[in-house]
Amino acid sequence: MHHFQYRNNELHCEDVPVSRIAMEIGTPFYLYSYATLKQHFRAFDDAFSDVPHLTCFAMKSNSNLAILKLFALEGGGVDIVSGGELYRALKAGVEPKKIVYSGVGKTAEDMEYALRSQILLFNVESSQEIRLLDEIAGRMGKKAAVSIRVNPDIDPQTHPYISTGLKENKFGIDIRHALEEYARVSGLRNLTVSGVSCHIGSQLTRLSPFVDALNKLKDLIGQLRKIGIGVSYLDLGGGLGITYNQEDPPHPREYAKAIKDELHIRDVTVILEPGRVIVGNAGILVAKVLYKKTTAEKGFVIVDAAMNDLIRPSLYGSFHGIEPVRIKTRAKIKADVVGPICESSDFLAKDRVMDAFETGDLLAVMSAGAYGFSMSSNYNSRPRITEVLGKGDTYHVIRARESYEDLVRGETIPDFMR
Ligand code: LLP
């Protein structure tokens, strides 16, 4: 359910016509719906309300300060993967004790920053990282709370680039060696064992891989408790999928039920790290048609947004719906929607049957709220685009469009060349 709907043939974000925003601020832009974001966060969080839990939004999916603030006001925490994400989280007012730090390559500086900020815990992913964290915490006179991110070797049945819980992936510590690692951690002076964690992949559309992972984590907690290692957090990561096209993923309610039905473990707080399921369908990318072109082989609709703005189709071959902002009676064509970038991989849709758009038409690239802006870049020296939050009959620019000056900020020509 989202609040991008047609009224009188005009796409609206809540009560604002999308074409009005385009006219006032120009294209392209990301547009999020406040009510949808809030509703999705609540649907997810409420589904776990009868068990001790903490919903830590995976902010890599969308790290705009206004969006983080919205979830913080709803009582949520965040899952971070870098010092930059920690900075954003603190700036948005997320409580440090609701921040978990994941990631396979944390730097010493970022560890220090996180320790200074007194975050809830570190999800550690290798023996070397454990050693470094212990050393840094010792030097700072602090104790770092850790969960070991285990790799449970479960096939999440999703795109290979976004599966993370198979033993050939770089993530986590092989669950078969987890006990030894925990024993080591509990012997280290500056670390305390806090929990067990995993994240098996993203855009999962079935429940069984989550349940299998949960069972493996539960077994591990049981074994740890037997040898006197207490665990108070069980972090299941994120990964719940959404509908981009024909997918039929479980509702967060069903996801929560499947987990709660298997949980049966005392004295643990469940941590969830959802990203896409909360923001994915709460955002769209609005672009304008620049040109149309037909070659002997096929048709192209050339728009002003490109792979640097939304890289998912190029990188993963992902599907995003292409919808008209204003519905007109039009013939249908089969074409690629492409951007101005000098690469054949610069497409937002391929061989898609859609309206025969004309120059100047606006189109909406649907389901672009997750891993859209956050993965955008300045490739081809294209300023990063603006982000807008629609709420009721108003809208707010929550990130200004970059200028050409922004593009060269920080660059210098050495004196000897002047
Ligand atoms: N927790 C950890 C440790 C993660 O690595 C991720 C995502 C999440 C939580 C959130 O997963 P979600 O609920 O959003 O599925 N760029 C790709 C997705 C990469 C996901 C990386 N990790 C895409 O555009 O599909």
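As a reminder, the structure under discussion sits directly above these lines.
Residues numbered from 1 in each chain as written. Predicted model: local features only at pLDDT ≥ 70, side-chain atom pairs only at ≥ 80, totals over all residues. Heavy atoms only, no water.

Undergrad: It is not clear to me how the overall build of the protein should be interpreted in this structure. Could you clarify?
TA: Each helix and strand in the protein was counted, giving 12 helices and 21 strands. Relative to a compact globule of 418 residues, whose C-alpha radius of gyration would be 22 Å, the protein shows 23 Å and is just as compact. In terms of overall dimensions, the protein has C-alpha extents of about 70 × 65 × 45 Å along its principal axes. Out of the 418 residues in the protein, the part that is buried amounts to 55%. The long-range fraction of contacts in the protein, counting pairs at least 24 apart against all pairs at least 6 apart in sequence, stands at 69%. Accessible area of the protein: about 18400 Å², with a carbon and sulfur share of 50%. Looking at the protein, you have 51 positive and 52 negative side-chain charges, and the mean spots of the two groups are 2 Å apart. (Helix = DSSP H or I, 4+ residues; strand = E, 2+ residues; numbered from the N terminus. Rg over C-alpha atoms; globule rule 2.2 N^0.38 Å. Buried < 20%, exposed > 50% of the residue type's maximum accessible area, 1.4 Å probe, protein only. Contact = heavy atoms within 4.5 Å. Areas by Shrake-Rupley, 256 points an atom, 1.4 Å probe, with all protein chains shown as cover. Lys, Arg positive; Asp, Glu negative; His and termini not counted. Charge placed at Lys NZ, Arg CZ, Asp CG, Glu CD.)

Undergrad: Help me understand the sheet that holds strand E3 (residues 16-17), please; the structure alone is not making it clear to me.
TA: Two modes of strand pairing occur in sheets, parallel and antiparallel, and in both the strands are linked by backbone hydrogen bonds. Strands sit in the order E1-E2-E3 across an open sheet of 3 strands; the sheet is antiparallel. Because the sheet does not close on itself, it has two edges, and the strands there are strand E1 (4-7) and E3. (Pairing = 2+ DSSP bridges.)

Undergrad: Could you clarify how one ought to interpret the pairing of strand E14 (residues 283-294) in this entry?
TA: Remark: a regular strand shows side chains that alternate across the two faces of the sheet. The pairing of strand E4 (residues 29-33) with E14 spans 4 bridges and is antiparallel. Bridge pairing links leucine 31 to isoleucine 284 in E14. Pairing of E14 with strand E19 (residues 362-365) involves 4 bridges; the strand directions are antiparallel. Residue pairing in the sheet places alanine 287 in a bridge with leucine 363 of E19. As paired strands, E14 and strand E15 (residues 299-303) are joined by 5 bridges and run antiparallel to one another. What sits directly across from threonine 294, in E15, is glycine 299. Hairpin remark: E14 followed by E15, antiparallel, with 4 residues in the connecting loop.

Undergrad: Looking at this structure, how should I read the site of the ligand?
TA: Taken together, 19 residues lie near the ligand, and Ser202, Glu273, Arg312, Tyr316 and Tyr371 sit nearest. Separating a nitrogen atom of the ligand from a side-chain N or O atom of aspartate 79 is a distance of 3.2 Å. A distance of 2.4 Å is found between an oxygen atom of the ligand and a side-chain nitrogen or oxygen belonging to serine 202. Expressed as a share of its isolated accessible area of 590 Å², the protein-covered part of the ligand is 92%. Counting atoms within 2 Å of the grid points, the majority share of the ligand lands in the largest pocket. The residue inventory of the shell around the ligand, partitioned by class, reads 6 nonpolar, 7 polar and 6 charged. (Near = heavy atom within 4 Å. Polar contact = N/O pair within 3.5 Å; in protein donor to acceptor, adjacent residues only side chain to side chain. 1 Å grid on protein atoms, 1.4 Å probe; cavity = no way out; pocket = protein on both sides within 12 Å on 5 of 7 lines; lining within 4 Å. Sits in = over half its atoms within 2 Å of the grid points. Nonpolar A, V, L, I, M, F, W, Y, C, P; charged D, E, K, R; others polar.)

Undergrad: How do you make sense of the state of the cysteines when you look at a structure like this?
TA: Two cysteines form a disulfide when their sulfur atoms are joined by a covalent bond. Counted under the stated rule, the structure contains 0 disulfides. Lacking any disulfide linkage, cysteine 198 is separated from the closest cysteine sulfur, that of cysteine 56, by 14 Å. (Disulfide = S-S within 2.5 Å.)

Undergrad: Teacher, can you tell me more about the nonpolar core here?
TA: Across soluble globular proteins, you tend to see nonpolar side chains buried next to one another. With 98 residues, the main nonpolar core has Leu37, Phe48, Phe71, Val78, Phe122, Leu133 and Tyr182 as its most contacted residues. At 7 residues, the largest contribution of residues to this core is made by helix H8 (residues 208-226). With residues up to four places along the chain from it excluded, the contact list for leucine 133 reads Met111, Leu115, Phe122, Val124, Ala144, Val146 and Leu191. Counting 17 residues, the second-largest nonpolar core is a separate cluster that includes Cys13, Ala22, Leu362 and Val388. (Core = buried A, V, L, I, M, F, W, Y, C linked by side-chain atoms within 4.5 Å.)

Undergrad: I keep staring at the packing of helix H4 (residues 83-91) against helix H5 (residues 108-117) and nothing clicks. Help me out?
TA: The geometry of a pair of packed helices is captured by two quantities: the angle between their axes and the separation between those axes. Here H4 crosses H5 at 25 degrees, and the two axes come no closer than 9 Å. Looking at the two axes, H4 sits roughly parallel to H5. In the packing of H4 onto H5, the handedness of the crossing is left-handed. Only Asp110, Tyr113, Ala114 and Ser117 of H5 make contact with H4, whose side of the interface consists of Gly83, Leu86, Tyr87 and Leu90. When its residues are assigned to classes, the contact of H4 with H5 shows 5 nonpolar, 2 polar and 1 charged. (Axes fitted to C-alpha atoms, helices over the stretch in contact; angles between N-to-C directions. Parallel < 35°, antiparallel > 145°, perpendicular 65-115°, else oblique. Left-handed = near helix turned anticlockwise from the far one by under 90°.)

Undergrad: Looking at this structure, I do not really get the layout of surface pockets. What am I missing?
TA: A probe as big as a water molecule, rolled over the atoms, marks out the empty space that is left. In this structure, the largest pocket occupies an estimated 910 Å³ of space. Lining of the largest pocket is provided by 47 residues; of these, Ala58, Lys60, Asp79, Val81 and Tyr371 occupy positions nearest its centre. Elements that contribute at least two residues to the lining of the largest pocket include exactly H4, helix H10 (276-279), helix H11 (312-316) and strand E21 (394-399). Grouping the constituent residues of the lining of the largest pocket by class yields 17 nonpolar, 16 polar and 14 charged. Within this model, the second largest pocket holds a volume of roughly 340 Å³. (Points joined across faces, edges and corners; volume = space filled by probe spheres on them.)

Undergrad: Would you take a moment to explain the side chain of serine 367 for this structure?
TA: Within the fold, serine 367 resides in the loop between E19 and strand E20 (386-391). Among the polar contacts made by the side chain of serine 367, one reaches the side chain of asparagine 281 at a distance of 2.7 Å. Non-local contacts of serine 367, meaning those with residues more than four positions away in its chain, are made with Thr243, Tyr244, Gly280, Asn281, Gly283, Ile284 and His320.

Undergrad: What should I look at first to understand the environment of alanine 256 in this one?
TA: Summarising the element assignment, alanine 256 is placed in helix H9 (residues 252-263). In this structure the C-alpha to C-alpha distance between alanine 256 and serine 49, which are 207 residues apart in sequence, comes to 9.7 Å. Residue contacts for alanine 256: discarding those within four places in its chain leaves Ala47 and Phe48.

Undergrad: Sorry if this is basic, but what is going on with the packing of H5 against helix H6 (residues 127-140) here?
TA: Axis separation between H5 and H6 bottoms out at 10 Å; the angle between their running directions is 50 degrees. Judged by the inter-axis angle, H5 sits oblique to H6. In the crossing of H5 with H6, the sense of the turn from one axis to the other is right-handed. Taking contact as the criterion, the partners of Ala108, Met111, Glu112, Leu115 and Arg116 in H5 are, on H6, Glu129, Leu132, Leu133, Ile136, Ala137, Arg139 and Met140. For the contact of H5 with H6, the residue count by class is 8 nonpolar, no polar and 4 charged.

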